[in-house]
Amino acid sequence: MQRVDSTYRLQLSPQFTFKDMVKILEYLEELGVATIYSAPLFQAREGSTHGYDVLHPFGINTEIGDLKQFRAINARLKEKQITWLQDIVPNHMAFDPENPWIRDIFELGPKSRYYNYFDIDWEYKGLKKVMLPFFGNTLEELLEKSELKLKFDKDGFSLNYYESKYPLSARTYAQVLLGIKEETFSVKFAGFSGNTSDWNELKNSFYQKIEKDSQLKMELSAAIEKINHSVEEIQKILDLQFFLPTHWKHTEQEINYRRFFTINGLICIRMEDPEVFEAYHTFIKELCEDGLINGLRIDHIDGLFDPEGYLNQLRQMLGSDIFIIVEKILEADEKLPSHWPVAGTSGYEFLSKLNHLFTDANNEKAFTEAYTEISPENADYEGLVYRKKLFILKERMGGELHNLCSLLNQNLLPESVNIHKDDTWKEALSVYLAAVPVYRIYPQEFPLKPNEIGILHQAYKTALKEFPEFKEELKHLNLLFMGEAGKDTSETLYFLQRCQQFSGPLAAKGVEDTSFYIYNRLVVHNEVGDSPENFGITGAEFHQNMMDRKKEFPLSLNATATHDTKRGEDSRMRLDVLSELSQEWFLNFNRWKEINSEIRENKEIPDVNEEYFIYQTLFAGMPFQEESDFFSRICEFLQKVLREAKVHSNWAEPDEEYENSVFKFVKDILEHKKFRESLDPFIERIAGLGVIKSLGQTLIKITAPGIPDIYQGTELWDLSFVDPDNRRPVDYNLRMKFLEDFKGFGKNTLSQDLELLKSNYTSGQIKMYVLNKSLLQRKKDKDLFQRGEYIPLLVSGEHSEKFISYARVLNGEWRIIIVPLIIAELFNPKNLSPNKEQFKDVFIDLPENAPSEWDSIFTDETMITEGKLALKDLFDDFPVVFMKNKN
């Protein structure tokens, strides 16, 4: 079977279909791509730009294409020896009547095969209904304002709320038909006890009869009109449904189904049920067995009740040949469970380590002290995270918290305690869950594994330190989680496992989607998979991490940009340049603050923390060449930032006046001549230096242990903001032209060609050159880069800490990589030429068994060594080095 390697992530959508994809297959092959890595392509909500709102996984999204087209594309890919990695979403589906399982439940209730497929508590308060939180008013207000209307069409009876249409239960039909003289169908509907197929046939027969009988049609219309004009009659209809219309904000305090994070419109699946697993994966299995899919990326593995059980089931179903990775956020020192039957992760942890490698750790103290002066109330990152996780748990996930408390109340607390009458226990559970330092653990039995015990004890100690008033309650909860309290260990384990399904969303919302938009010391590390309290690692630490990666999960993806990242991969490299220039950066910040105070209309908006963030955003995202939509893009980004931060605005109750004042401030400073005269030269310098870091990032991604992952379009500069900005259309015609240009590079003219790339670096073609040459070399050396040794090479000399070098070795074949890390004094940002004075005493010490003759991948030059590489000889023509031993 063809192996998955260098992946290229494509965001298939109505805006980029199979027909569009066909046009770039030759380009991707010539670029050096080995695997297409596709966003979810199953049937999703109409117009979905991402595919994670799956309506059903039983066919290709009709807005993207069809199975015939997919087979044709796959046949072409096989000819090119390109494989297919598919993103799937086993945690949740769209909570939408267009979802056939949801529709069936709404119509047939407990008689539906799918009644228990979703994580719904049908016994919640005796409702026997699932909450439907998509309404702008409470049910009482909806009825009072006559906003709910009964309608009938070819799909049957439905409850309509403006443009939304919800199918009604089978028992509704008999109730409505009481108002007309029709006995045959009244009896059939009243006594219906068949399956989905029988039900659809009965509905269709009824519709056909209504269409043919004009008198009956008039009577039905009159009956519907009568119901719609009576609150009492509409209420009778509602009483017969298996859903309960609810205000969308109600879920912040009460909910009876599990959702994805805090998104009401994504309902979670009971994937731990073998029947649900089999039903969901039917089509996916067929695609894998037919060889159309060679690998799977499992979205949000942490949302599943039993991730390990799911992966074992998936592996058993698909066999050993299918490549499987999981989307998993790992904290700095956290490891992916080694016994999971997967190749690794989708690469966030690699992004984090590489990001820290390019950060100047020597300036951590300077940044911390300066930021503490700028925003003292936000400078304690760990304290901020804890507060925000508590806020999310109580204010945005109050419904989930209530449900966990109800579970806890069942035989797991002292008999005298009623958790819903005594807030003490609810508070204690809150502070414990908010203190969990990782996304989740994976308990299978008692006693827990040592690492699981360590994580929970850490949470217990943090909670106890912050809230000593809950000492006794926290002690009981800790014993409970250790399996040392409670009457029934199976109930205790179930409670602990349920808690883990919510600790991940709590971390994501409290950290990534709140704290990351408040703590602004250096926002380069406010990134998915990263952690802002950390500030750089040494080359030695990176080497150790890569050796561990090679040993444990050598086929994990090496991601530097994804659809989830907060800012573009090249934006981050610019910010990493700032980490080298702490004194200059903070002097400029204070100068700009003073300059721009002259034109502020409102002295309080934005606040100083937001202003500091805005300057970093300008540095990170300012395009190399003027773009007409830059201001609108930055405003859309800042709106999301302000609402996610939840300080002066939020999604539930946005303060648009405040937001508009911030946009006005940005507009004014961008047009402020005095400010731009100071800002622009600094940005130009940072951007040029950032180019060198970006080229290093690209080279390491492709050659370090792991499988390199390229997010669509990032073969040129990626200065995007968070989604949806990073899903903008990609100009493939420009990329094809640039790639075609490389064919004109000749050995005799290569030096001039490279000079042109360097002097015109703003186009991004130089980045594509590094990517293309490295990917093509990797294709030739697939075994070497997937299985070969990773050997750290010693850099010696006065500025040795500013470089990193390593070799990849297999069966006598050597590849050497040398990348500058701390570069502000090493290169001229205008033309990327080296400051040779900084290089003169820096050497790479080669192992005794290393070859002596080398060819440069980028420059085609040949070099002969005698145990050492002098860096002063290596960077004249190109700012990063990739060499292979001469055969």
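Residues numbered from 1 in each chain as written. Predicted model: local features only at pLDDT ≥ 70, side-chain atom pairs only at ≥ 80, totals over all residues. Heavy atoms only, no water.

A. Quick peek at the overall build of the protein. In terms of regular secondary structure, the protein is built from 31 helices and 27 strands. Over its C-alpha trace the protein gives a radius of gyration of 30 Å, about what one expects of a compact globule, namely 29 Å for 887 residues. The principal-axis extent of the C-alpha atoms belonging to the protein is close to 100 × 65 × 60 Å. Burial analysis of the protein (887 residues in total) assigns 61% to the buried set. Considering only intrachain contacts with a sequence separation of at least 6, the fraction spanning at least 24 residues in the protein is 74%. Looking at the protein as shown, the accessible area adds up to about 34900 Å², and 48% of this sits on carbon and sulfur atoms. Looking at charge distribution, the protein has the averaged site of its 105 positive side-chain charges lying 2 Å from that of its 142 negative ones. (Helix = DSSP H or I, 4+ residues; strand = E, 2+ residues; numbered from the N terminus. Rg over C-alpha atoms; globule rule 2.2 N^0.38 Å. Buried < 20%, exposed > 50% of the residue type's maximum accessible area, 1.4 Å probe, protein only. Contact = heavy atoms within 4.5 Å. Areas by Shrake-Rupley, 256 points an atom, 1.4 Å probe, with all protein chains shown as cover. Lys, Arg positive; Asp, Glu negative; His and termini not counted. Charge placed at Lys NZ, Arg CZ, Asp CG, Glu CD.)

B. Summary view of the sheet that holds strand 2 (residues 35–38). With respect to topology, eight strands assemble into an open sheet ordered 16-15-14-5-2-1-18-17, the strand pairing being parallel. The open sheet has two edge strands with one neighbour each: strand 16 (344–345) and strand 17 (557–559). The pairing of strand 1 (residues 7–10) with strand 18 (residues 707–711) spans three bridges and is classified as parallel. Looking across to strand 18, one finds that Y8 is bridged to I710. (Pairing = 2+ DSSP bridges.)

C. View of helix 21 (residues 539–552). For helix 21, built from 14 residues, the straight-helix expectation of 20 Å at 1.5 Å per residue is met to within 8% by its first-to-last C-alpha distance of 20 Å. Of all the residues in helix 21, the buried ones are F542, H543, M546 and R549. The arc that holds the buried residues of helix 21, viewed along the axis, is 120 degrees, so those residues lie on one side. Seen from the buried face of helix 21, the exposed residues on the opposite side, beyond 90 degrees, are A540 and K551. Each element contacted by the buried residues of helix 21 is listed here: helix 13 (348–357), strand 17, helix 27 (673–703), strand 19 (789–792) and strand 21 (803–810). (Expected span 1.5 Å × (residues − 1). Arc of directions from axis to C-beta.)

D. Structural view of the pattern of salt bridges. All told, the structure shown has 71 salt bridges when counted by the stated rule. The shortest N-O distance in the salt bridge between K217 and E211 comes to 3.2 Å. Looking at K217, the relative accessible area reads 37%, which means it is partly exposed. We note a salt bridge from D741 to K737, for which the minimum N-O separation is 3.4 Å. (Salt bridge = Lys/Arg side-chain N within 4 Å of Asp/Glu carboxyl O.)

E. Examining the side chain of H281 more closely. Tracing the chain through its elements places H281 in helix 11 (residues 274–289). Residue classification places H281 among the buried positions, given a relative accessible area of 0%. In this structure the side chain of H281 is engaged in a polar contact, spanning 2.9 Å, whose partner is the side chain of Y310. Setting aside its immediate chain neighbours within four residues, H281 contacts I88, M271, Y310, L314 and M317. (Polar contact = N/O pair within 3.5 Å; in protein donor to acceptor, adjacent residues only side chain to side chain.)

F. Structural context of the packing of aromatic side chains. Enumeration according to the criterion identifies 76 aromatic pairs in this entry. Residues F803 and F875 carry aromatic rings whose centres are separated by 6.0 Å and whose planes lie at 45 degrees to one another, so their mutual orientation is tilted. Taken together, the positions of F803 in strand 21 and F875 in the loop between strand 26 (868–870) and strand 27 (881–885) put the pair 72 residues apart, joining distant regions of the chain. The buried category is assigned to F803, whose relative accessible area is 4%. (Phe/Tyr/Trp six-rings, centres within 6.5 Å; stacked < 30°, edge-to-face > 60°.)

G. Fine view of the environment of P829. Structurally, P829 can be placed in the loop between strand 22 (813–820) and strand 23 (843–845). Separated by 291 residues in sequence, P829 and T538 place their C-alpha atoms 24 Å apart. The contacts of P829, once residues within four sequence positions are left out, are R685, G688, L689 and Y761.

H. Inspection of the pairing of strand 8 (residues 149–153) at higher detail. Residues L150 and F152 line the buried face of strand 8, whereas the alternating positions K149, K151 and D153 sit on a face that is not buried. Looking at chain direction, strand 8 and strand 9 (residues 156–161) are connected through five bridges and run antiparallel. Along strand 9, the bridge assignment pairs D153 with G156. Where strand 8 folds back on strand 9, the antiparallel hairpin that results is connected by two residues.

I. Spatial organisation of unusual backbone geometry. Note the cis peptide between F446 and P447, where omega equals -5 degrees. Turning to its location among the elements, P447 is positioned in the loop between helix 17 (423–434) and helix 18 (450–466). In the segment running from I605 into P606, the intervening peptide bond is cis, with an omega of -5 degrees. Tracing the sequence through the fold places P606 in the loop between helix 23 (582–597) and helix 24 (608–621). A positive phi angle, close to 60 degrees, is found at K128, a residue other than glycine. Positionally, K128 belongs in the loop between helix 4 (100–108) and strand 7 (130–135). On the basis of relative accessibility, which here comes to 40%, the residue K128 falls in the partly exposed class. Positive phi outside glycine occurs at L832, with the angle close to 65 degrees. The topology assignment puts L832 in the loop between strand 22 and strand 23. Assessed through its relative accessible area of 1%, L832 is described here as buried.

J. Structural view of the nonpolar core. Grouped together as the largest cluster of nonpolar side chains are 240 residues, with contacts concentrated most on L618 and I700. The biggest single contributor to this core is helix 27, with 12 residues. Counting 42 residues, the second-largest nonpolar core is a separate cluster that includes L401, L456, A459 and C499. (Core = buried A, V, L, I, M, F, W, Y, C linked by side-chain atoms within 4.5 Å.)

K. Up close: the sheet that holds strand 9. Ordered in space as 8-9-10, the three strands form an open sheet in which the pairing is antiparallel. Either end of the sheet is taken by a strand with one partner, and the two such strands are strand 8 and strand 10 (164–167). Put simply, the sheet's adjacent strands are angled 40 degrees from each other on average, direction ignored. In terms of strand pairing, strand 9 meets strand 10 through four bridges, oriented antiparallel. Looking across to strand 10, one finds that Y161 is bridged to S164. (Axes fitted to C-alpha atoms, helices over the stretch in contact; angles between N-to-C directions.)

L. Spotlight on the packing of helix 6 (residues 170–177) against helix 10 (residues 231–239). Relative to each other, helix 6 and helix 10 sit at 150 degrees, their axes nearing to 9 Å. Our classification of the angle between helix 6 and helix 10 gives roughly antiparallel. Residue-level inspection shows R171, T172, Q175 and V176 of helix 6 in contact with helix 10, the latter providing E233, K236, I237 and D239. (Parallel < 35°, antiparallel > 145°, perpendicular 65-115°, else oblique.)

M. Region of interest: the environment of D718. Note that D718 resides in the loop between strand 18 and helix 28 (732–742). Taking the C-alpha atoms as reference points, D718 and R567, 151 residues apart in sequence, are found 8.5 Å from one another. Excluding residues that lie within four positions of it along the chain, D718 makes contacts with A561, G568, E569, D570, S571 and K767. Side-chain polar atoms of D718 contact the backbone nitrogen of E569, separated by 3.0 Å.

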